[in-house]
Amino acid sequence: MSKMWVIARREFLTTITRKGYVFAVIGTPLLFGAIFGISFLTSGTLEESVKSRSEPIAVVDRSRTVDFDLAPTVETRDPAPPAAGMLEKAAAKPPRIVPYTDMTEAIRDLKEGKLSAVYLIESDYMTTGKIIAYSPEHGMFSDLASPDRSRLYDLIRASLIKGRIDGETRERILAPGKLKQMKVSKHGGVENGSDALQKAFRFFGPFSMFLLLTMSIFFSSGYLLQGIAEEKQNRVIEVIWASVEPMELLIGKMVGLGAAGLLQVAFYVGMFLLPAVAVFSLFQISTAGLALSFLYFVLGYILFAGLMAGTGILGSSPQESGQLSAFWTLLSMIPMFLLAPISEAPNSWLARGLSWFPLTAPVAMLLRITSGQIPWVDVGISVVTLATSIWLAIRGAAKMFRAAALMYGKRPGLGEVIRWLREA
Amino acid sequence: MPANLTAIALTSVRKTFRGVVAVEEASFEVERGEIFGLLGPNGAGKTTLLRLIMDIFRPDSGSIQVFGHPILSKDKERIGYLPEERGLYTRQKVQAVIEYLVQLKGVPQPQARVNTLFWLERLEMLDAKERKVLELSKGNQQKIQFIATVAANPEILLLDEPFSGLDPVNARALIQVIQELSAAGKTILLSTHQMNLVESLCRRVFMIHHGRQVLYGDLQAIQKAHSEKSVIVRSNANYSTCPFISQASANGRGTQIVLSEENQPRDLLAWLLESRAEVELFECAKTPLEDIFIRVAQR
């Protein structure tokens, strides 16, 4: 077995048995699960919050606009359109609307919990439309959902058109539309887009894949950085140097740790993404898209592994090496900070520019692949710039290895690094 | 010396770091099968020389040949290197670490395992094979490092301070192993401060100071060259009255006398005879290597 494979095998086995790796493989999906869980639990909390408001609302009508006799007819009609989602459905059972004449009394009952809200319709309502709502403090979501308010509006509308408009026209005024939402996929398919779970997965599915691939790039190249910094710190690098060439060591490490990264991705795909595709048919990424994602994962990993290795060898400790390499990580994560504009317009000049710049290309392209069709010219340009950068990064890293591997306790300056890159 | 008898040859090697000269005009040859001593004070350039030989550093000028040619990647498999800065994967098990380092010398895994177990037993470390390196004492870690160096069965051994951290018992065991390896035809380049060991193990030495060669050649010849003015005498003479003596000190066998620059041992002998002293022993002394080392280092 060549020395490169001996190194690759050891790096792979050492890495996949690390606690940090196991935590990353299992912990990352758990983290996503927790985010999903919190999201749904929060929805549940909101639902409960809305449901708990079974107390009536009070209306103090100083303008004498409201005909409270119409309240039962408004309350019995389901005001929530089918596509309105969970929140409105949760509030489908409307509260009773109770007329109050004395504002002080209404506020007192609100304080005592006998009412869920008090609405004061001012005497100049017809000219100003002014209504003041009083509600108890119910936490951060209390102001987001006020189905009782729509009930009041329905009652006001019904009161205003009473005796003037009847029949279907009256019904449409009171409920202008029952919205059903449809989604048109990139392949031309039309399907019901109203399901909340599907809506959530439609976004989180491709985004999760992008995020997992991106994280795997940085996890794997991070292991490389850490391994090299540790070998320098515990001086074992000199022993290895006496047996292998810098390039053999670098490539061996990259292959071994890349394999560990691929295993991580394979685990995610096998355990989470494939079942999601099979069960929910949630992904709208083509086979070409998946192949491109894999390509950019591999290219991105090799580039950042080379950069991390070249930087990691400069630090005098794993911590210092980590700090030095943060520059690459931050630079490469720029597309993440521009997530919204790139997702909304994956073929904008911003997105395309970031795809052509090698350091941001892997993350930008992975993100664009999940967001829409990409011109092949962008694929060509980004692959060429990435391949060139990889060649430069690995050559540079090998030079750094030879020059800086045995510099203990002192970090070379920028000028010295540039000189090494020129001379070595 | 014929090339086929030379294991390592350095010619006018120069190496600088950030403009500071680490090695200047270093030239020496190490014969196949010999134990060659590389001496010098701290910071003299010994470790740099070893790293240059291993192609870890590259010289600014001059040439380095190993096995009769500039070192190739493949040649590294035939050289075992024990660096002064010990380096092991401390969180891994002893046997796994040695096997990995031996495999990096091109030894197939099954043979690497056989060799590893042999050497662990040879240095009485077999019980530690499943322990993590960091659980071992410094001395035992040193033995593990030595095993990792020799277990690939290299033809040349570069040993940088191999006895540091070892107690006298383990140091003696290691000396015996080094002698056995030499007897088996291995070439050993020994860099150490322990002059008594150099005297007992090495036939030839190279001493470097401030990056420059200060001594090179046959150890006995060097000692003789530095001992012309030193004599061991056992007699009843009153040395304080002798005008030729610059220093006299008790020696286990008599008095060691260092003569003045302009005088020779025969002058002292003539003075002893003239002063009718009873002379039981008169011997030109060999200056201990340690004294030569200190004298050279203090220049």
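Since the model is a prediction, treat every value here as computed from it, not as a measurement. (Residues numbered from 1 in each chain as written. Chains lettered and ligands numbered in written order. Predicted model: local features only at pLDDT ≥ 70, side-chain atom pairs only at ≥ 80, totals over all residues. Heavy atoms only, no water.)

Observations regarding the packing of aromatic side chains
To keep things clear, this is the line we draw: Only rings of Phe, Tyr and Trp enter the pairing, Trp through its six-membered ring, and a pair is recorded when the two centres are within 6.5 Å. The plane angle decides the type: under 30 degrees is stacked, over 60 is edge-to-face, the rest tilted. By the criteria applied, helices consist of DSSP H or I runs no shorter than four residues and strands consist of E runs no shorter than two, each listed in order from the N terminus. Whether a residue is buried, partly exposed or exposed follows from its accessible area with a 1.4 Å probe, protein chains only, as a fraction of its type maximum: under 20%, in between, or over 50%, in that order. In this scheme, Lys NZ or Arg CZ marks a charge over a ring once it lies within 6 Å of the ring centre and within 35 degrees of the ring normal.
Taken as a whole and assessed by the stated rule, the structure comprises 11 aromatic pairs over all chains. A centroid spacing of 4.5 Å and a plane angle of 40° characterise the contact between F28(B) and F206(B), whose relative ring orientation is tilted. Here F28(B), found in strand β2 (residues 20–31), pairs with F206(B), found in strand β9 (residues 204–209); they are 178 residues apart in sequence, far enough to count as distant. Here the two residues F28(B) and F206(B) agree in accessibility, since each one is buried. What links up through ring pairs into an aromatic cluster is the set F28(B), F36(B), F206(B) and Y216(B). Cation over ring: R10(A) sits above Y89(B), and NZ or CZ is 3.8 Å from the ring centre.

Quick look at the side chain of T187(B)
Residue and element names in this part refer to chain B. How we decide: Under this definition, polar contacts are N or O atom pairs within 3.5 Å; protein pairs additionally need one hydrogen-donor-capable and one acceptor-capable atom, and for neighbouring residues in sequence, both atoms have to be side-chain atoms. Contacts between residues were defined by any pair of non-hydrogen atoms, one from each residue, lying within 4.5 Å.
Within the secondary structure, T187 is located in strand β8 (residues 187–191). A polar contact is formed between the side chain of T187 and the backbone nitrogen of G33, at a distance of 2.8 Å. When near neighbours in sequence (up to four residues on either side) are disregarded, T187 contacts A7, V30, E31, R32, G33, E34, E155, I156 and L157.

Section: the nonpolar core
Definition in use: Residues grouped as a nonpolar core are buried Ala, Val, Leu, Ile, Met, Phe, Trp, Tyr and Cys residues, joined through side-chain atoms within 4.5 Å.
Residues L49(B), F146(B), L158(B) and L189(B) are the most contacted members of the largest nonpolar core, which totals 149 residues. Here L158(B) is in contact with I8(B), L50(B), I53(B), M54(B), I79(B), G80(B), Y81(B), L82(B) and L189(B), once residues within four sequence places are set aside. Core analysis: the next-biggest nonpolar cluster, separate from the first, contains 16 residues, L70(A), I97(A), L155(A) and I156(A) among them.

Focus: the interface of chain B and chain A
It is common to give the size of an interface as the accessible area that goes away when the parts come together. Rule in force here: Salt bridges are defined by distance alone: a side-chain nitrogen of Lys or Arg within 4 Å of a carboxyl oxygen of Asp or Glu.
Listed as interface residues are 25 residues of chain B and, on the opposing side, 25 residues of chain A. For the interface between chain B and chain A, the tally reads 3 salt bridges. The element that contributes the greatest number of residues to the side of chain B that touches chain A is helix α2 (residues 94–103) of chain B, accounting for 3 residues.

Observations concerning the sheet that holds strand β3 (residues 117–121) of chain A
Residue and element names in this part refer to chain A. This is how the line gets drawn: Two strands are said to pair when DSSP picks up at least two bridges between them. Orientation is described by axes fitted as lines to C-alpha atoms, over the contacting stretch for helices, and by angles from 0 to 180 degrees between their N-to-C directions.
Spatial strand order, β2-β1-β3-β4: 4 strands in an open sheet with mixed pairing. Taken across any chain shown, the strands that pair with only one partner, and hence form the sheet edges, are β2 (97–100) and β4 (131–134). Here the average twist between neighbouring strands, direction ignored, is 25°. Sheet analysis places strand β1 (residues 57–61) next to β3, joined by 5 bridges and oriented parallel. Each residue of the ladder has a partner; that of V59, found in β3, is Y119. This element, helix α5 (residues 103–111), spans β1, β2, β3 and β4 of the sheet and lies at about 160° to β3.

Topic: helix α4 (residues 138–150) of chain B
Short version of the rule: For a helix, the expected span equals 1.5 Å multiplied by the residue count minus one.
Look at α4(B): 19 Å from first C-alpha to last across 13 residues, which is about the 18 Å you get at 1.5 Å a residue. Burial analysis of α4(B) places 10 of its 13 residues in the buried class, the great majority of the element. Taken together, the buried positions of α4(B) are G139(B), Q142(B), K143(B), I144(B), Q145(B), F146(B), I147(B), A148(B), T149(B) and V150(B). The inward-facing, buried residues of α4(B) contact α10 (236–241) of chain A together with β6 (79–82), α2, α3 (109–122), β7 (156–160) and α5 (168–183) of chain B.

Re the pattern of salt bridges
Residues and elements named next belong to chain B. On inspection of all chains with the given rule, the structure shows 31 salt bridges over all chains. A salt bridge links R113 to E99, with the nearest nitrogen and oxygen atoms 2.8 Å apart. With R113 in helix α3 and E99 in helix α2, this pair connects stretches of sequence that are 14 residues apart. For E99, a relative accessible area of 5% translates into the label buried. Of the charged contacts in the structure, one is a salt bridge between R131 and E135, with a shortest N-O distance of 3.8 Å. Since its relative accessible area comes to 42%, E135 is described here as partly exposed. One continuous salt-bridge network, built from bridges that share partners, spans E31, E34, R203, R204 and D218.

Examining unusual backbone geometry
Residues and elements named next belong to chain B. At S12, a position not held by glycine, the phi torsion is positive, near 50°. Here S12 lies in strand β1 (residues 6–17). Backbone geometry places R276, a non-glycine residue, at a positive phi of 55°. With respect to the secondary-structure elements, R276 resides in the loop between α8 (265–274) and β14 (279–284).

Observations concerning the sheet that holds strand β12 (residues 245–251) of chain B
Residues and elements named next belong to chain B. Strands sit in the order β12-β13-β11-β14 across an open sheet of 4 strands; the sheet is antiparallel. Both outer strands of the open sheet, β12 and β14, are each paired with one neighbouring strand and no more. Within this sheet the neighbouring strands show an average axis-to-axis angle of 25°, counted without direction. Of the strand pairs in this sheet, strand β11 (residues 230–235) and β14 are connected by 5 bridges, and their pairing is antiparallel. Its bridge partner lying in β14, V233 is registered against F282.

Structural notes on the side chain of S243(A)
In this fold, S243(A) is placed in the loop between α10 and α11 (246–280). Residues in contact with S243(A), not counting those within four places in the same chain, are K3(A), K76(B), L104(B) and K105(B).

Describing empty space enclosed by the protein
Unoccupied space between atoms shows up once a probe the size of one water molecule is rolled over them. To keep things clear, this is the line we draw: In this analysis the probe radius is 1.4 Å and the grid spacing 1 Å, with only protein atoms considered; a cavity is a set of points the probe fits into but cannot get out of, a pocket is an open set with protein on both sides within 12 Å along at least five of seven lines, and lining residues have an atom within 4 Å of a point. Grid points are joined across faces, edges and corners, and a volume is the space filled by probe spheres set on the points. Polarity classes work like this: nonpolar for Ala, Val, Leu, Ile, Met, Phe, Trp, Tyr, Cys and Pro, charged for Asp, Glu, Lys and Arg, and polar for all others, with Gly in that last group.
Counting across every chain of the model gives 2 cavities of 30 Å³ or more. In this structure, the largest cavity is lined by V239(A), A242(A), S243(A), G80(B), Y81(B), L101(B), K105(B), A148(B) and T149(B). Secondary-structure elements contributing two or more residues to the lining of the largest cavity are β6 and α4 of chain B. In terms of residue class, the lining of the largest cavity is made up of 5 nonpolar, 3 polar and 1 charged.

Things to note about the confidence of the model for chain B
To be explicit about the condition: As a per-residue measure, pLDDT tells how confident the predictor is, with possible values from 0 to 100.
The predicted model of chain B has a mean per-residue pLDDT of 88, with 98% of residues at 70 or higher. Here the prediction assigns the complex a pTM of 0.70, and the interface score ipTM is 0.79.

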